[in-house]
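Working through the structure, step by step
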Amino acid sequence: MEEILINGGNRLEGKVLIKGSKNSILPILAASILATDGKSIIYDVPNLKDVDNLIEIIEYLGVKIERKDNMLTVDATQMDRYDATLDCVSELRASLFLLGPIIARFGFAEISQPGGCAIGIRPIDLHLKGLEALGVTFEKTHGVIRGRTEGLKGAKIYLDFPSVGATENLMMAASVAEGQTILENVAEEPEIVDLANYLNNMGAKITGAGTNVIKVYGVPKLKGNVHTVIPDRIEAGTYMIAVGAAGGNVLVENVIADHLKPVLAKLREAGITVIEEFDGVRVISDGSKACKGINIKTMPYPGFPTDMQAQMLGMLLCSEGRSYVTETIFERRFQHIEEFRKMGADIIMVGNTVDLTGTDRIYGATVFATDLRAGAALIIAGLYAEGETRVGNVHFIDRGYDGLVENLKSLGADIKRVQK
Ligand code: EPZ
């Protein structure tokens, strides 16, 4: 069993290069199975467990994938299976992205029902309802979802909630449905736009990605193409917050600042210096104790991202005054609160709002990651806690961060990964 050890107190100096977006490459990998002609070459692919697991599932379906450093070559022309029912499927929510593409390709799909996780029950009703509107019928038995269609037909679909995954699944299926599809009240995240650009370069006809209405004109076939994944805005925000917490002066490179507006605004509101430079964003801070308390409410993009909620709290534990952080996206994304309290944080929950009073200091403790962002948040707190912090369940961190420990070490943190 591995754990991450941090001795708090070191400032962070230098620069860090952000990798390709986890939440972009996962749907893009799923979309690549729609290419019945030619190969796709995808650049800036991060080295993450979630990516490895999705590649394993897609290869099982008969897709040939070659990896060279951060470049993937994907050849789906010989794909010959429609049953994504390996054990790892139910553990990887992103495998749900395969549902639309497999049905679009074969008219039939079998997929293990993805499980819930620490942050919520993670229902899939919006995915299924949207695909049913496109002409799919489903049955669910013993944890396996079977979908069948006589042919996907365009439809007008309104999403009850701007679900990122459902928007992506429906955009992929509609790309090769007959006729026009209008998707309303959809998610507007940058990863949706990246996926739409990839699909359009494959021959799809998608407009409106990045707004709350997406229109798709179905085409008979899609072909492989070349794509570079957008930078990971959540990874970038995590390092910016780490500087806010530990103090220092760091240039975060390969960042699209426009994708991080709410995070930059909240860092500045906390009194942190944030400078948008030509090749990245520079963050200068005197650490958590120099931060002012702030109020945050997580919202669908372009609001403050739920994936940055835990990290922001991790930065504010010794800030001046009071902070209120409300989580509106996931019903249980607060398991890290208990872990912060082990470190001496003065933090309580009132409904879905965290009420945090900055304390004079926090102490190193043995804590456990409950999801990948909570894991990053505990490391962030450990950067300025007095003494040693031991973070367990590091497998969560490996799902979404490529080289987090190495990068923080190169910036000056006293951090290492050890066998327990
Ligand atoms: C994506 O998850 C991201 N994952 C999540 O990032 C991110 O937190 C989330 O979007 C919100 O931004 C990937 O892109 C791989 P949703 P997804 O569907 O698509 C409810 C991380 O840390 N909902 O937008 O699963 C759902 O319960 C991960 O990188 C339904 O009710 O999120 C939740 O309350 C964590 N029915 C809300 O919508 C559905 O059919 C948002 O979920 C689908 C979702």
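Data block above holds the structure.
Note that the structure is a prediction, hence the values are computed from the model and not measured.

Thresholds, definitions, all that
Residues numbered from 1 in each chain as written. Predicted model: local features only at pLDDT ≥ 70, side-chain atom pairs only at ≥ 80, totals over all residues. Heavy atoms only, no water. Pairing = 2+ DSSP bridges. Helix = DSSP H or I, 4+ residues; strand = E, 2+ residues; numbered from the N terminus. Contact = heavy atoms within 4.5 Å. Axes fitted to C-alpha atoms, helices over the stretch in contact; angles between N-to-C directions. Near = heavy atom within 4 Å. Polar contact = N/O pair within 3.5 Å; in protein donor to acceptor, adjacent residues only side chain to side chain. Areas by Shrake-Rupley, 256 points an atom, 1.4 Å probe, with all protein chains shown as cover. Nonpolar A, V, L, I, M, F, W, Y, C, P; charged D, E, K, R; others polar. Domains from an automatic or database assignment. Expected span 1.5 Å × (residues − 1). Buried < 20%, exposed > 50% of the residue type's maximum accessible area, 1.4 Å probe, protein only. 1 Å grid on protein atoms, 1.4 Å probe; cavity = no way out; pocket = protein on both sides within 12 Å on 5 of 7 lines; lining within 4 Å. Points joined across faces, edges and corners; volume = space filled by probe spheres on them. Right-handed = clockwise from strand over helix to strand, strands pointing away.

**With respect to the sheet that holds strand β7 (residues 83-84)**
Across the sheet, four strands lie side by side as β7-β8-β10-β9; this open sheet has mixed pairing. Looking at the sheet topology across the chains shown, the edges are occupied by β7 and β9 (136-141). Of the strand pairs in this sheet, β9 and strand β10 (residues 144-149) are connected by six bridges, and their pairing is antiparallel. Among the inter-strand pairings, E139 is bridged to a residue of β10, identified as R146. Packed on one face of the sheet, helix α4 (residues 99-106) meets β7, β8 (108-112), β9 and β10 and runs near 155° to β8. Docked against the sheet, helix α5 (residues 125-133) engages β9 and β10, running at close to 140° with respect to β9.

**Topic: the site of the ligand**
Close to the ligand lie 21 residues; R93, D125, S163, D307 and I329 are nearest. Between the ligand and K22, the relevant distance is 3.0 Å, taken from an oxygen atom to a side-chain nitrogen or oxygen of the residue. Between an oxygen atom of the ligand and a main-chain N or O atom of P123, the distance comes to 3.4 Å. Protein burial of the ligand: of its 820 Å² of free accessible surface, 88% is covered by the chains. Listed by contribution, the elements that provide at least two residues to the shell around the ligand are α1 (22-31), α5, α6 (164-175) and α12 (372-382). With three residues, α5 is the single largest residue contributor to the shell around the ligand. Its residues assigned to classes, the shell around the ligand shows nine nonpolar, five polar and seven charged. Both of domain 1 (2-14 + 232-419) and domain 2 (24-221) provide at least three residues apiece to the shell around the ligand.

**Description of helix α7 (residues 190-201)**
With 12 residues, α7 extends 17 Å between its outermost C-alpha atoms, agreeing within 8% with the 16 Å of an ideal straight helix rising 1.5 Å per residue. Looking one or two residues past α7, G203 carries a phi angle of roughly 115°, positive in sign.

**A few points about the pairing of strand β23 (residues 353-357)**
Extensive coverage of β23 is indicated by the burial of four of its five residues. Taken together, the five bridges between strand β22 (residues 346-350) and β23 define a ladder with antiparallel strand orientation. Bridging across to β23, I348 finds its partner in D355.

**What to know about the environment of Q419**
Note on placement: Q419 falls in strand β26 (residues 414-419). Q419 gets classed as exposed once you look at its relative accessible area, which sits at 58%. Spatially, the C-alpha atom of Q419 lies 17 Å from that of G403, the residues being 16 residues apart in sequence.

**Regarding the layout of surface pockets**
Taken as a whole, the largest pocket spans an internal volume of roughly 1200 Å³. Together, 48 residues line the largest pocket, and R93, I119, R122, V164 and F330 are the ones closest to its centre. Classifying every residue of the lining of the largest pocket by side-chain character gives 22 nonpolar, 10 polar and 16 charged. When residues of the lining of the largest pocket are assigned to domains, at least three fall in each of domain 1 (2-14 + 232-419) and domain 2 (24-221). Along its surface, the second largest pocket is lined by 16 residues, and G9, A245, S288, K289 and Y384 are the ones closest to its centre.

**A few points about the pairing of strand β12 (residues 180-184)**
Regular strands place their side chains on alternate faces of the sheet. Where strand β11 (residues 156-158) meets β12, three bridges bridge the pair, whose relative direction is parallel. Residue Y158 lies in a different strand from β12, and its bridge partner there is E184. Taken together, β11, α6 and β12 form a β-α-β motif whose crossover is right-handed. As paired elements, β12 and strand β14 (residues 213-217) share five bridges and run antiparallel to each other. Within β14, the position partnered with T181 by the bridge is V216.

Without other data, these values stay purely geometric and don't point to any function.
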